[in-house]
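# Summary of structural features
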Amino acid sequence: MSAQALPVEVAAPPVMRVEGLTMHFPAGGGVGPFGTRRWIHAVDDVSFDLTPGRVTALVGESGSGKSTVVRCLARLYEPTAGTIMFHGEDVTHLKQRKELLQYRAQVQMIFQDPFGSLNPVKTVEHHIERPLKIHHIVPRNEIHRRVLDLLSSVGLSPAQEFAAKYPHQLSGGQRQRVAIARTLAVEPTVLLADEPISMLDVSIRIGILNLMHELKASRNIAFLYITHDIASARYIADDVLVMYAGQVVEQGPTDAVLQNPLHPYTRLLLSAVPNPEAGLTGRRIQGRGEVPVVIDPPEACRFTARCPNVMDRCRTAMPRLAEVEPGHLVRCYLYPNS
Amino acid sequence: MTNREPLLRVEDLVVDYYSPRGVVRAVDHISFDIMPGEIVGLAGESGCGKSTAANAILGILREPAQMTNGRIFFQGQDIASMPPRAHRKFRWRHISMVFQSAMNALNPVLRVGDQFVDMVQAHERVSKRDALDRARDLLRMVGIDPLRVSAYPHELSGGMRQRVIIAMALALQPELIIMDEPTTALDVVVQREILQEIEELQRELQFAVLFITHDLSLLVEFSNRIAIMYAGEIVEMARAQELFREPKHPYTVGLMNSFPSLVGPKSMITGIPGSPPDLANPPTGCRFSPRCPHCTPYKTMVHPVLQEIEPGHLVACHLYGAEQELTHERASTAS
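Residues numbered from 1 in each chain as written. Chains lettered and ligands numbered in written order. Predicted model: local features only at pLDDT ≥ 70, side-chain atom pairs only at ≥ 80, totals over all residues. Heavy atoms only, no water.

All names here are of chain B. Pairing in this open sheet of eight strands is mixed, and the strands run E6-E7-E8-E3-E9-E10-E12-E11 from one edge to the other. One side of each edge strand has no neighbouring strand; the edge strands of this open sheet are strand E6 (95-98) and strand E11 (307-310). Adjacent strand axes in the sheet meet at a mean angle of 25 degrees when their direction is disregarded. Pairing between strand E3 (residues 39-43) and strand E8 (residues 208-213): five bridges, direction parallel. When the bridges of E8 are listed, Leu42 appears paired with Ile212. Where helix H1 (residues 50-58) meets the sheet, its contacts fall on E3, E6, strand E7 (176-180), E8 and strand E9 (225-230), and the angle it forms with E6 comes to roughly 145 degrees. Where helix H6 (residues 158-170) meets the sheet, it contacts E6 and E7, and its direction lies at approximately 175 degrees from that of E6. (Pairing = 2+ DSSP bridges. Helix = DSSP H or I, 4+ residues; strand = E, 2+ residues; numbered from the N terminus. Axes fitted to C-alpha atoms, helices over the stretch in contact; angles between N-to-C directions. Contact = heavy atoms within 4.5 Å.)

Here we take up the pattern of salt bridges. For the structure shown, the criterion picks out 28 salt bridges over all chains. Note that B:Lys266 and A:Asp255 form a salt bridge whose closest N and O atoms lie 3.2 Å from each other. Of the two residues, B:Lys266 is situated in the loop between helix H10 (250-256) and E11 and A:Asp255 in helix H10 (residues 254-259); the pairing between them involves two chains. Here B:Lys266 falls in the partly exposed class, since its relative accessible area comes to 41%. The closest approach of N and O atoms between B:Arg192 and B:Glu221, which form a salt bridge, is 2.8 Å. Taken together, the positions of B:Arg192 in helix H7 (residues 188-205) and B:Glu221 in helix H8 (residues 216-222) put the pair 29 residues apart, joining distant regions of the chain. Both residues of the pair, B:Arg192 and B:Glu221, belong to the buried class. In the salt-bridge network here, residues are joined through shared partners; they are B:Asp16, B:Arg25, B:Asp28 and B:Arg287. (Salt bridge = Lys/Arg side-chain N within 4 Å of Asp/Glu carboxyl O. Buried < 20%, exposed > 50% of the residue type's maximum accessible area, 1.4 Å probe, protein only.)

Moving on to the packing of helix H7 (residues 172-184) of chain A against helix H8 (residues 202-218) of chain A. Residues and elements named next belong to chain A. The N-to-C vectors of H7 and H8 enclose an angle of 20 degrees; their axes lie 10 Å apart at closest approach. Our classification of the angle between H7 and H8 gives roughly parallel. Two packed elements cross with a definite hand, and for H7 against H8 that hand is right-handed. Between H7 and H8, the residues in contact are Gly173, Gln176, Arg177, Ile180 and Leu184 and Ile204, Gly207, Ile208, Leu211 and Leu215, respectively. Along the lines of polarity and charge, the residues of the contact of H7 with H8 split into six nonpolar, three polar and one charged. (Parallel < 35°, antiparallel > 145°, perpendicular 65-115°, else oblique. Left-handed = near helix turned anticlockwise from the far one by under 90°. Nonpolar A, V, L, I, M, F, W, Y, C, P; charged D, E, K, R; others polar.)

Residue and element names in this part refer to chain A. Positionally, Thr68 belongs in helix H2 (residues 66-73). A residue is classified by how much of its surface remains accessible, and Thr68, at 14% relative accessible area, is buried. Once you skip the residues sitting within four places of it in the chain, Thr68 turns out to touch Met23, Phe25, Ala42, Val43 and Tyr77.

Moving on, we come to the state of the cysteines. Cysteine pairs can be covalently joined through their sulfur atoms, and such a bond is termed a disulfide. Per the counting criterion, the structure on display carries zero disulfides over all chains. A:Cys314 takes part in no disulfide bond, and the closest cysteine sulfur, belonging to A:Cys301, lies 5.9 Å away. Relative accessible area serves as the criterion here: at 9%, A:Cys314 is assigned to the buried category. Free of any disulfide, B:Cys292 has its nearest neighbouring cysteine sulfur in B:Cys295, separated by 6.0 Å. Residue B:Cys292 is classed as buried on the basis of its relative accessible area, which comes to 17%. (Disulfide = S-S within 2.5 Å.)

Within the largest apolar cluster, 97 residues are counted, with the highest numbers of intra-cluster contacts made by B:Leu8, B:Phe32, B:Ile95 and B:Phe116. Among the elements that take part in this core, H6(B) stands out by supplying seven residues, more than any other. When neighbours within four sequence positions are excluded, B:Phe116 is seen to be in contact with B:Ala135, B:Leu138, B:Leu139, B:Val164, B:Ala167 and B:Met168. One finds A:Ala231, A:Ala233, A:Leu268 and A:Val291 within the second-largest nonpolar core, a separate group that totals 70 residues. (Core = buried A, V, L, I, M, F, W, Y, C linked by side-chain atoms within 4.5 Å.)

Attention shifts here to the confidence of the model for chain B. Residues and elements named next belong to chain B. Scored by pLDDT, chain B comes out at a mean of 89, with 94% of its residues at no less than 70. Within chain B, strand E10 (residues 233-239) carries the highest mean pLDDT (97), whereas helix H11 (residues 322-334) carries the lowest (46). Note on residues 323-335: pLDDT is under 50 here. Beyond four places in sequence and across chains, it has 11 contacts. (pLDDT = per-residue confidence, 0-100.)

Quick look at the side chain of A:Arg302 now. Residues and elements named next belong to chain A. Within the fold, Arg302 resides in the loop between helix H11 (264-272) and strand E11 (322-325). Within the structure, the side chain of Arg302 is placed 2.5 Å from the side chain of Asp44, a separation counted as a polar contact. Ignoring sequence-local partners within four residues, the contact set of Arg302 consists of His41, Asp44, Tyr244, Ala245, Gly246, Gln247, Val294, Pro297 and Met318. (Polar contact = N/O pair within 3.5 Å; in protein donor to acceptor, adjacent residues only side chain to side chain.)

Our next topic: the interface of chain B and chain A. Opposite the 50 residues of chain B that make contact, chain A presents 41 residues. Carbon and sulfur atoms supply 54% of the area buried between chain B and chain A, which totals about 3,800 Å² over both sides. Counting the surface chain B buries against chain A, the share from its top three residues, B:Arg192, B:Leu262 and B:Lys266, is 19%. At the junction of chain B with chain A, the criterion picks out one salt bridge. Scanning the region where chain B abuts chain A turns up 12 residue pairs in polar contact (both at pLDDT 80 or more). Elements represented by at least two residues in the side of chain B that touches chain A include exactly H6, H7, H8 and helix H9 (240-245) of chain B. Class assignment of the residues belonging to the side of chain B that touches chain A gives a composition of 19 nonpolar, 18 polar and 13 charged. (Buried area = accessible area lost by both parts, 1.4 Å probe.)

Given below as structure tokens:
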């Protein structure tokens, strides 16, 4: 084959393809006028690929729908519409326990709160051996060895000592490392990390990001990194999706999106990040308001209320997510093809 | 700074928590000044004592915390020794506070306006109507529709509730407002809008601010001077830009190196190895020594003292100020 000249990175096919993912929840307060149910559009038409050895960041403010996307991928929710293909198989509507178990052995999740995700009365060893036993990863007599290997691989050494500790004896960063070691136990191909550093002390956050960076390379894991911190996405992610009110408004390679942000919301988000070089003055941002909860939305761009570039057509039709330059997509009428 | 009197002077403040495990010293001999109209930042990680210090200044420490040493002067008057009644009158009129959990600082069953009335009437003899008028003016100042005086807190978004709290903190025109992580729970866009508003109000009304946060990059932007706290102590203090350009203490350097940047070339950053110490059992000598890249055995024995190494730039680190070290060395060998 002539493809040999291509770098491996480019040739690697995606392990997970998400196409048109949509998740609607019934709105509280019962039915609307004429007896129709009203729906919260938490996620609307989100598509992306996850590739081994790459980190994809999903960036957005609270209420943008990023955590709902993760929960759909972890199959904690069954999506309203769209497909999730994993290794070429449709996993969108898996229902049987056995199938879900198999799927979850390969798609693992790291949660935001390392204080809530570990059992306070069990040792570190207990936490990491459980997945090894449940999924029969290694023979019984090798379990202890594997636990120690996993602890060392997430930077918890001496491993023997850490294995015997209880969660309360660990700092936040160490707990998050235990949580990561636990996900690694099943040798996953996809890791979904939902705000894994936002509850940690600032001085140890970067250590967890560096660990993720190391793991994606050494174990060829496809990472989905959910964050509200766009600077950390720049630090670790290869690709970025920016979400607003349930939709992707811009997506593409990290450098393309962050060096040359096209959507007015991406620009707003970037200009809001503290920048010690510049200072507050002279950089007044405009964009009053917060991410709206979208209930039975009208045909219109969801950013109109806050957009500095709003035009008439933005209020009457929804722009398409269109490719503006290779791999760089944006949902805005300022650009052609939308 | 000119030779004006400081608005607030904290001298040798110590706060201890009496826990079943023994005494935990949350704030350990810290001293600093705030000049009138100045914005001073206090930065540090969770558990470093920054909120405890703020509560001590405001005189609202609760059991098991106790101020065991030091004095706090406000406009030359020692406020830490004030009787509780006098302190209640003084608080909010001269020093007000915006809390971290402002989301929960409002009473959920009272209209926003009524909460203003309660607060104003606790300090002044004014009619309800006048107090409500003032509430409307204040809400307008922080960018909220004055008609919202009749809203309940749950009808407001997080950002708006935080603005209400800021308006309440401004209500009696205090000379100093302590802001303890006022925007941490908010999204970046809302955070920036609120900070811009605070800055404009501050320029107009000239109040001083003690701004407490773990977000150093935000602080560099926002404040005039910054104090860095670690394990109960101030380890460095300098003008904001100077601290940003020339951090001296290895902890400050590490903190600066913990935030990925949005601009410039991408490079691997390292943060700080290890985690903050357990204050019930702090390391001997320099408390940062177990995590410090420059540590030597000597530094684990001798406690560094906060000293001025350049005008207005204070550091507590053995890397600076050789004289101090020598006297210490002599003292320790003599003993």
